[in-house]
Number of protein chains: 2
Amino acid sequence: MATTDASESDDPYDRLVSRVKRLRNVGAAAEVLSWDQQTKMPPGGAPARSQQLAALSAVEHDLFGAAATGDLLDAAAAAAESDDEVALCREVRREYERRASVPTALVERTTARASEAVEAWQAARADADFDAFAPHLRDLVALKREYAEHVDPDRDPYEVLFEEFEPCLSLDRADAVLTDIRDAVVPLVDDVRASDVDPSNPFEGTYDEDAQEALVRDVLDSLGYPWERGRLDRAPHPFSTGTVYDARITTRFDETDPVKSVFPTVHEFGHACYTLGLPEDDYGTPLGEARDLSVHESQSRLWENHVGRSRPFLARLQPLLEEHLGVAPDVEALYGWANRVDPDNAIRVEADELTYHLHVVLRYEIERDLVRGDLDVEEVPAVWADKTEEYLGVTPADDAEGALQDIHWAYGNFGYFPTYSLGSAMAAQVYEAASDDVDVADHAREGEFDPLRGWLREHVHRRGKRLETDDLVREATGSPFAADAFTAYVDEKYRALYEV
Amino acid sequence: MATTDASESDDPYDRLVSRVKRLRNVGAAAEVLSWDQQTKMPPGGAPARSQQLAALSAVEHDLFGAAATGDLLDAAAAAAESDDEVALCREVRREYERRASVPTALVERTTARASEAVEAWQAARADADFDAFAPHLRDLVALKREYAEHVDPDRDPYEVLFEEFEPCLSLDRADAVLTDIRDAVVPLVDDVRASDVDPSNPFEGTYDEDAQEALVRDVLDSLGYPWERGRLDRAPHPFSTGTVYDARITTRFDETDPVKSVFPTVHEFGHACYTLGLPEDDYGTPLGEARDLSVHESQSRLWENHVGRSRPFLARLQPLLEEHLGVAPDVEALYGWANRVDPDNAIRVEADELTYHLHVVLRYEIERDLVRGDLDVEEVPAVWADKTEEYLGVTPADDAEGALQDIHWAYGNFGYFPTYSLGSAMAAQVYEAASDDVDVADHAREGEFDPLRGWLREHVHRRGKRLETDDLVREATGSPFAADAFTAYVDEKYRALYEV
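Just so it is clear, the model here is predicted, and its values are computed rather than measured.

Asks: Help me get a handle on the overall build of chain A, residues and values and all.
Replies: Per the secondary structure count, chain A includes 20 helices and 3 strands. Since a compact globule built from 500 residues should have a radius of gyration of about 23 Å, the 23 Å found for chain A is in line with a globular shape. On the principal axes, the C-alpha backbone points of chain A span a range of 70 × 50 × 45 Å. Buried positions account for 50% of the 500 residues belonging to chain A. Within chain A, contacts between residues separated by at least 24 positions form 71% of all contacts whose residues are at least 6 apart in sequence.

Asks: How would you summarise the sheet that holds strand β3 (residues 246–251) of chain B if you had to cite specific residues and measurements?
Replies: All names here are of chain B. The strand order β1-β3-β2 describes an open sheet built from 3 strands, whose pairing is mixed. If you trace the sheet from one side to the other, it starts and ends with β1 (232–234) and β2 (240–243), each paired once. Each adjacent strand pair in this sheet contributes to an overall mean axis angle of 25 degrees, direction not counted. Pairing of β2 with β3 involves 4 bridges; the strand directions are antiparallel. By the bridge assignment, T241 is partnered in β3 with R248. Most of the contacts of helix α10 (residues 259–276) go to β3, to which it runs at about 165 degrees, and overall it touches β2 and β3.

Asks: Break down the relation of the copies chain B and chain A for me, with residues and values.
Replies: When chain B is fitted to chain A, the best match, at an RMSD of 0.0 Å, comes from turning it 180 degrees and sliding it 0.0 Å along the axis. Here the copies are linked by what is in effect a two-fold axis. The overlap is high: 100% of the interface residues of chain B also sit at the interface in chain A, so the same surface is used on both sides.

Asks: I'd like to hear about the domain arrangement of chain A, residue by residue, with values.
Replies: Residue and element names in this part refer to chain A. Splitting chain A by domain gives domain 1 (1–101) and domain 2 (113–500). The C-alpha-based centres of domain 1 and domain 2 are spaced at 28 Å. In this assembly, 20 residues from domain 1 lie in contact with 17 residues from domain 2. Broken down by element, the side of domain 1 that touches domain 2 gets its largest block of residues, 11 residues, from helix α1 (residues 12–39). Grouping the amino acids of the side of domain 1 that touches domain 2 by side-chain chemistry returns 7 nonpolar, 6 polar and 7 charged.

Asks: Please set out the interface of chain B and chain A residue by residue, giving values where relevant.
Replies: Every contact between the two is made by 44 residues of chain B and, on the other side, 44 residues of chain A. Only α1 (12–39), α2 (46–64), α3 (67–79) and α5 (104–127) of chain B provide two or more residues apiece to the side of chain B that touches chain A. Per-element accounting of the side of chain B that touches chain A gives the leading share, 9 residues, to α2(B).

Asks: How would you summarise helix α12 (residues 311–325) of chain B if you had to cite specific residues and measurements?
Replies: All names here are of chain B. Between its first and last C-alpha, α12 extends 20 Å over 15 residues, near the 21 Å set by a 1.5 Å rise per residue. Residues of α12 that are buried: F313, L314, L317, L320, L321 and H324. Residues of α12 that are buried in the fold lie against α9 (209–223), α10, α11 (293–308), α13 (331–338) and α17 (440–445). Backbone geometry just downstream of α12 places G326 in the positive-phi region, at approximately 70 degrees.

Asks: Explain the environment of A:H271 residue by residue, including any values.
Replies: Mapped onto the elements of the fold, A:H271 is located in helix α10 (residues 259–276). The spatial distance from the C-alpha of A:H271 to the C-alpha of A:E446 is 23 Å, given a sequence separation of 175 residues.

Asks: Any details on the sheet that holds strand β1 (residues 232–234) of chain A? Residues and values, ideally.
Replies: Residues and elements named next belong to chain A. The 3 strands lie next to each other as β1-β3-β2, forming an open sheet whose pairing is mixed. Since the sheet does not close on itself, it has two edges, and those belong to β1 and β2 (240–243), each with one partner. Looking at each pair of strands side by side, their axes are set apart by 25 degrees on average, direction ignored. The sheet contact formed by β1 and strand β3 (residues 246–251) spans 3 bridges and is parallel. Across the sheet, R234 pairs through a bridge with T251, a residue of β3. Set on the sheet, α10 makes contact with β2 and β3; between it and β3 the angle comes to about 165 degrees.

Asks: An account of the packing of α3(B) against helix α4 (residues 83–101) of chain B is needed here, citing residue identities and associated values.
Replies: Relative placement of two packed helices is described by the angle separating their axes and the distance separating the axes. All names here are of chain B. Interhelical geometry of α3 versus α4 gives an angle of 155 degrees and a closest axis separation of 10 Å. Taken together, the axes of α3 and α4 are roughly antiparallel relative to one another. Our pair here, α3 against α4, has a crossing hand that is left-handed. Taken together, the residues of α4 that come into contact with α3 (itself represented by T69, G70, L73, A76 and A77) are C89, V92, R93, Y96 and A100. Residue composition of the contact of α3 with α4, by class: 7 nonpolar, 2 polar and 1 charged.

Asks: I'd like a description of the confidence of the model for chain A, backed by residues and values.
Replies: Looking at chain A, the pLDDT average stands at 95 and 98% of residues meet or exceed 70. Interface confidence in the predicted complex, given as ipTM, is 0.95; pTM for the same model is 0.95.

Asks: A description of unusual backbone geometry should follow, citing residues and the corresponding values.
Replies: Residues and elements named next belong to chain B. For A128, which is not a glycine, the phi torsion comes out positive at approximately 50 degrees. Position of A128 relative to the elements: it lies in the loop between α5 and α6 (130–151). Located in the positive-phi region is D292, a residue other than glycine, with phi close to 35 degrees. Looking at the secondary structure, you find D292 in the loop between α10 and α11.

Asks: Describe the packing of helix α14 (residues 356–372) of chain B against helix α16 (residues 418–437) of chain B, and please don't skip the residues or the numbers.
Replies: All names here are of chain B. Axis separation between α14 and α16 bottoms out at 8 Å; the angle between their running directions is 140 degrees. On the basis of their axis angle, the class for α14 and α16 is oblique. Remark: the crossing between α14 and α16 carries left-handed chirality. Residues H357, V360 and Y364 of α14 pack against P418, Y420, S421 and S424 of α16.

Asks: So what's going on with the environment of B:D62? Which residues, and what values?
Replies: All names here are of chain B. Among the structural elements, D62 can be located in helix α2. Among the residues examined, D62 registers 25 C-beta atoms within 10 Å and is labelled buried. Between the C-alpha atom of D62 and that of R99, which follows or precedes it by 37 residues, the distance is 7.7 Å.

Asks: Quick rundown of the pairing of β2(A)? Include the residues and the values.
Replies: Going residue by residue along β2(A), you find A:S240 and A:G242 tucked away on one face and A:T241 and A:T243 tucked away on the opposite face as well. Counting the residues that bridge the hairpin from β2(A) to β3(A) gives 2 residues.

Asks: Please give an account of the environment of A:V186 that cites residues and values.
Replies: Along the chain, A:V186 falls in helix α8 (residues 171–194). Between the C-alpha atoms of A:V186 and A:A176, which are 10 residues apart in sequence, the distance is 15 Å.

Asks: Could you give an account of the pairing of β3(A), naming the residues involved and the relevant values?
Replies: With respect to burial, β3(A) is a largely interior element, 6 of its 6 residues being buried. Alternating residues of β3(A) divide into A:D246, A:R248 and A:T250 and A:A247, A:I249 and A:T251, and every residue in both groups is buried.

Cut-offs applied
Residues numbered from 1 in each chain as written. Chains lettered and ligands numbered in written order. Predicted model: local features only at pLDDT ≥ 70, side-chain atom pairs only at ≥ 80, totals over all residues. Helix = DSSP H or I, 4+ residues; strand = E, 2+ residues; numbered from the N terminus. Rg over C-alpha atoms; globule rule 2.2 N^0.38 Å. Buried ≥ 20, exposed ≤ 12 C-beta atoms within 10 Å, placed from the backbone. Contact = placed C-beta atoms within 7 Å. Pairing = 2+ DSSP bridges. Axes fitted to C-alpha atoms, helices over the stretch in contact; angles between N-to-C directions. Least-squares fit on C-alpha atoms with pLDDT ≥ 70 in both. Domains from an automatic or database assignment. Nonpolar A, V, L, I, M, F, W, Y, C, P; charged D, E, K, R; others polar. Expected span 1.5 Å × (residues − 1). Parallel < 35°, antiparallel > 145°, perpendicular 65-115°, else oblique. Left-handed = near helix turned anticlockwise from the far one by under 90°. pLDDT = per-residue confidence, 0-100.

See below:
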């Protein structure tokens, strides 16, 4: 059988790179299909699209995990000399070993099962009926446990799944950071709840979606988003996807509150900015790829929260609001509304910068126990409600507002949620380091974001996967990855805003 | 090495179908990427996109032509009983044998060379400089000759390349049909040229593109285009692509002449209508695929020329023109303009229903001689000019209007052009047969196109590749495929219009 080896070179490293590039391009094709599905595809296209995506992921998995990859890798690694060669072989080996250990048939069964589960989840959420989703969740937990068993039968299956998203951070490290975040946020939220300060909504009435789109396009312009390498579309859930050559953004609009499209758009800009800052020459190899989810989320959160929700940025947003929407709240009113803490909100994607992490922690605890077999699927709604009450002081109205609110588990993604909070912690640490070198606030007042983009490109983006996460953070910030910068940041910011 | 075999069944036929479906879905993914490239992709995305498309075609070629496919095919074919099973094995074998004989490295080299050639062609055409394109054309001819040599070193290489697009029609048959078309069209064009009738342009001034888009959307509505399984976008060159679940159309607009978007849109509707009429249950296998290019083109030409350019259709177009563009030429004026013959036009894509085939014949003759080694690349511009003079009585102003006007050769497509004329001939034959069963003109007057769509679905679309082309045409029309219906149709139509 032909080996899907694009290179006619005799050098094993060149041949490995060539093979990996081909398979990565298959993965990139899948991302384009997924973008299309969420933005342009007519509804009737779903059955074919799920088959196309399953075919691409099966082919990529099959060929990446094939013995031919392992043979090339062994030969390439034995001859690797430069740091880049060693790093590339390290990253390919990590993925090769994982894929080689998991049968393609299991990947396919899981993909197919997840397709059904997503449909069932949509219906169950609409009916607020967890029982209708429970058998699907049970199957997916079982399939992912089977997956973890293939990867390593001797390890905690949740740890194995977490590493699918975060291969360079141990679950112990992650758990410590999450615990530090929770321990800082819980008392802070208590104090906020007791505060008399309650920022009011400066927006009244409704705002046309086309006008809001023109607004966020101007915001993206002002941040330096390169339209010749990207585009903005509407989608039910904002996301960013693509390559260094073409990094797209989607957003959505809320007719009563323009900041509900501005900040998600700035968030996605942060993701796109990372993608666009990757080294072009390494496109298609790990050296040209973003380092894992926490680092990606650090870039989106940095732009969304540290830049976007700052006074200098809001001072520049104000005239754009006036121009496009005919409303010009004063900057302090905007700042208060943009940073308002709402502990009574039970929905993660609508949560503020503080309580967001409590939503994450409760999901992390539940999915971890589910995967470890310490919690039954039937118990999830009650545990969810209890933890929401405990961490947030609010009770979900029903399962739709409770255990059915997120799509992640329906996709079979267990171990993903923690990366959101890890990314926020990393954002604060990276922003603090960038601020030592670049006067971000001063530049932001001038609408000048090139210096910050340049700093991030230099210290984070252009590295690709050359460094593992800890080394990347340490080289960029001078310290090991920890929650300290984040806890100091939120403490200072929210005690000032809420006068507590 | 894993075999990319999706099925866990023991039955070789099931396993073959499963494998073919997976690879066909990879091909379908490539079509989505190509659609995106022509409609949505930002310009910077090109380098990644060409790598993604090359990866998908290499993976599909490699795995389809792999020994594992051949082994499954042998086992499946030995056990095949039903007509469907036999037909599927016949079609898979045809493709397997072709792919197995051609090294993936050659396919990749050709794809990469074509990418460069397309860019060079664009620049050369802009400069009307054939010499700048000549080395690219020479390389592509050599690569495609190498391809043909791999497939069968003992056969005419042009015949081998033609069969890539038209595997069920012999080149002799095709040549006979093309000759019959030419022999009918040449004297007819001479008579038209001598006629005093000269239909005048009923449109004046310019028409807004958005208004024209609203017009063609209404036209598509009236034809029954199902928007839940398709969409309309703008692209530099109109095309249709997709699956039975999602068959998309693109078009472009000419600000001075609305019929220049209406007929291309109706043409693409014809392609989409075929795709949408394929059997859903066979999606991803040859039984669910369109039969080759001539049959596809028969469907687009049928809707464009036999339906679209007819008086009943134009009578329904008239009020839509008035509604959207504020212009309402009378039906005879529209009919004359929509069917005007312009022998002085040197550009194929702007050619009328008669002279179009003379453009095709000259390309066919030139590419055939190039591939056979009977013509040197340097001679092409002069031969092109001579043949244009001979067949059309007009001399191209320069190479841009001459040998550089089409992109096909830059893509490495030799043997494609004849399928356009074969499709027109087939359209006339199929339309004649449909008209025996369905009163198409009468229904069209009522804006009722379901009966024609239903007839085409029953006799052509739903068959997929169950029948070879000749059998498909014979079963649908009662006669073997020939040019007679076409020559009779154009003779009657154009002698009446031009009073000759």
